[in-house]
Amino acid sequence: MNPSEFVDGDDEPREPSNISAVLGSNNIYNIPVFESVSAGFGAYACNDILEYIPVIITNPADVEDTIAIKVTGDSMYPKIEDGDTIVVRRQTSVDSGDIAVVLLDGDEGLVKRVVYGPTWIELQSINEKYPVQRFDGAEVTRLRVVGKVIGSYKKF
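Residues numbered from 1 in each chain as written. Predicted model: local features only at pLDDT ≥ 70, side-chain atom pairs only at ≥ 80, totals over all residues. Heavy atoms only, no water.

**Q** Mind showing me how you'd approach the nonpolar core here?
**A** If you look at soluble globular proteins, the nonpolar side chains tend to sit buried side by side. One finds Ile80, Ile86, Val88, Val101, Val111 and Val149 to be the most contacted residues of the largest nonpolar core, which totals 15 residues. Secondary-structure elements contributing two or more residues to this core are strand 3 (66–70), strand 4 (85–90), strand 5 (99–104) and strand 9 (143–153). If one sorts the elements of this core by residue count, strand 5 sits on top with three residues. Here Ile80 is in contact with Val71, Ile86, Ile99, Val111 and Val149, once residues within four sequence places are set aside. In terms of nonpolar packing, the next biggest core, distinct from the first, is built from 11 residues, Val94, Ala100, Leu104 and Phe135 among them. (Core = buried A, V, L, I, M, F, W, Y, C linked by side-chain atoms within 4.5 Å. Buried < 20%, exposed > 50% of the residue type's maximum accessible area, 1.4 Å probe, protein only. Helix = DSSP H or I, 4+ residues; strand = E, 2+ residues; numbered from the N terminus. Contact = heavy atoms within 4.5 Å.)

**Q** Could you clarify how one ought to interpret the side chain of Lys112 in this entry?
**A** The topology assignment puts Lys112 in strand 6 (residues 108–116). It turns out Lys112 is buried and unbridged, and the closest side chain with the opposite charge, Glu108, is 7.9 Å from it. Only 3.0 Å separates the side chain of Lys112 from the side chain of Ser75, close enough to count as a polar contact. For Lys112, the side chain forms a polar contact with the side chain of Ser125, separated by 2.7 Å. What Lys112 contacts, discounting residues up to four positions off in sequence, is Ser75, Met76, Asp98, Ile99, Ala100, Leu123, Gln124, Ser125 and Gln133. (Lys, Arg positive; Asp, Glu negative; His and termini not counted. Salt bridge = Lys/Arg side-chain N within 4 Å of Asp/Glu carboxyl O. Polar contact = N/O pair within 3.5 Å; in protein donor to acceptor, adjacent residues only side chain to side chain.)

**Q** Just to check I follow, could you spell out the pattern of salt bridges for this structure?
**A** Pairs can form between side chains of opposite charge whenever their charged atoms are close. Taken as a whole and judged by the stated rule, the model has seven salt bridges. Between Asp98 and Lys148 there is a salt bridge, and its shortest N-O distance comes to 3.7 Å. In this pair, Asp98 is assigned in the loop between strand 4 and strand 5 and Lys148 in strand 9, connecting sequence segments 50 residues apart. You can call Asp98 buried: its relative accessible area is 16%.

**Q** Can you walk me through the sheet that holds strand 8 (residues 133–136) in this structure?
**A** Pairing between the strands of a sheet comes from backbone hydrogen bonds, and it takes one of two forms, parallel or antiparallel. Ordered in space as 2-1-3-4-9-5-6-7-8, the nine strands form an open sheet in which the pairing is mixed. Edge positions in the sheet fall to strand 2 (49–56) and strand 8, since each of these pairs with one other strand and no more. Across the sheet, the mean angle from the axis of one strand to that of its neighbour is 40°, orientation sign disregarded. Across four bridges, the pairing between strand 6 and strand 7 (residues 120–124) is antiparallel. Considered in strand 7, the bridge of Val114 is made with Leu123. (Pairing = 2+ DSSP bridges. Axes fitted to C-alpha atoms, helices over the stretch in contact; angles between N-to-C directions.)

This is how it looks when you write it as structure tokens:
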């Protein structure tokens with residue numbers, strides 16, 4: 001495949017065709033990269049897509065629920081840095097200790113380690129300069145897990 005086949009002359013990102021044939025794997029899928037997490041995250045529009053990136057996904061059933069998001073901020077440094085792209089499998093719950101994308105109050109998207117207690121949920125940053133956010137009792141309803149972070153890409 002010729003690299004010019006990936007460029008169509010307009011400014012709209014588009015999904016590259018036949019990347020699996022180029023890279024020689026049937027487990028490579030092009031997933032959309034979004035600029036941020038929002039309240040409408042589950043029903044995204046094409047104009048919110050920045051680009052597509054090839055990702056190895058071994059279970060074809062997971063392709064539809066796998067997306068990528070550009071990260072802004074340093075709260076998860078050094079594991080996830082400002083400008084990295086995280087790969088997220090959309091799901092409504094995660095295990096305690098997993099890194100996830102979480103919506104706070106329906107509109108503020110956060111990437112944090114999620115830790116569960118008997119009556120509380122903590123959102124923890126890896127970067128020690130950020131305090132733990134604890135939601136206790138009825139406050140836990142302010143949180144909604146959007147998906148589990150399953151990978152990260154750095155751009156150079």
